[in-house]
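# Chain and residue survey
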Amino acid sequence: CLSDWSSDVCSSDLYRNLPLAHLSESGMNPRRSFDEAALAELAESIRTQGLLSPLTVRPKGPQTFEIVAGARRYRAAQLAGLESIPVRIVELTDAQALETSIVENLQRRDVHPLEEASGFARLLALDEPKYSVEQIAAKCAKSASYVLARIRLTELSPAVDRKSTRLNSSHLGI
């Protein structure tokens with residue numbers, strides 16, 4: 001629990017405005033590429049309308065928080081010149097944070113199939129809790145065959161450019 005904020009941080013969600021300087025992106029986020037033009041558009045929207053959806057963050061130390069969901073909004077808020085943004089503070093284990101990040105990214109249209117595959121594979125590789133393909137599928141509202149097909153993408157040759165934005169599901173035959 002963080003005494004600087006409230007005991008509520010440990011028992012339930014807490015909504016606050018936090019300085020961008022107190023936030024850091026998670027290394028667990030499966031999304032690795034961000035379209036610069038789309039970020040610029042989002043930044044302009046944030047300048048005119050504000051940030052409408054809070055980021056989901058978890059405490060990492062005194063006055064420091066890790067972004068679990070909302071890295072794209074965080075980057076756009078930086079571009080927009082904001083100093084603080086609305087966040088939802090939640091207590092999550094590493095496994096819960098990874099799961100939340102994957103589900104949040106799956107709700108986006110522009111997530112790259114290889115980023116999705118990497119996230120599923122990392123969930124499957126966890127020792128605690130241990131996930132099956134079926135459990136991952138249920139948590140992500142996808143079929144087990146969909147999840148398995150994505151995980152198989154991680155077996156592709158390293159020669160495949162994992163950052164290629166031209167590669168999509170139809171190219172991969174899935």
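First, a word on scope: everything that follows refers to the structure included in this document. (Residues numbered from 1 in each chain as written. Predicted model: local features only at pLDDT ≥ 70, side-chain atom pairs only at ≥ 80, totals over all residues. Heavy atoms only, no water.)

## Some thoughts on the packing of helix α2 (residues 36-49) against helix α3 (residues 71-79)
The test is simple: To get an axis, a line is fitted to the C-alpha atoms, and for a helix only the part in contact is used. The angle between two axes follows their N-to-C directions and goes from 0 to 180 degrees. Counting from the N terminus, the helices are the DSSP runs of H or I reaching at least four residues and the strands are the DSSP runs of E reaching at least two. Orientation labels follow simple angle bins: below 35 degrees gives roughly parallel, above 145 gives roughly antiparallel, 65 to 115 gives roughly perpendicular, and whatever is left gives oblique. In this scheme the handedness of a crossing depends on how the near helix is turned from the far one: anticlockwise by less than a right angle means left-handed, clockwise means right-handed. Residues count as neighbours in contact if any of their non-hydrogen atoms are within 4.5 Å of one another. Lys, Arg, Asp and Glu make up the charged group, whereas Ala, Val, Leu, Ile, Met, Phe, Trp, Tyr, Cys and Pro make up the nonpolar group; the residues left over, Gly among them, are polar.
Interhelical geometry of α2 versus α3 gives an angle of 65 degrees and a closest axis separation of 8 Å. When the interaxial angle is binned, α2 and α3 end up roughly perpendicular. As α2 packs across α3, the resulting crossing turns out to be right-handed. Here Ala38, Leu39, Ala40, Leu42, Ala43, Ile46 and Arg47 of α2 come into contact with α3, specifically with Arg72, Arg73, Arg75, Ala76, Ala77 and Leu79. Taken together, the residues of the contact of α2 with α3 sort by class into nine nonpolar, no polar and four charged.

## Some points on the packing of aromatic side chains
How we decide: Paired rings are identified among Phe, Tyr and Trp, the last through its six-membered ring, by centres lying within 6.5 Å, and are further divided according to the angle between planes into stacked (under 30 degrees), edge-to-face (over 60) and tilted (the rest). We call a charge positioned over a ring when the NZ of a Lys or the CZ of an Arg lies within 6 Å of the ring centre and within 35 degrees of the ring normal.
Enumeration according to the criterion identifies zero aromatic pairs in this entry. Over the ring of Tyr146 we find Lys142, and its NZ or CZ is 4.8 Å from the ring centre.

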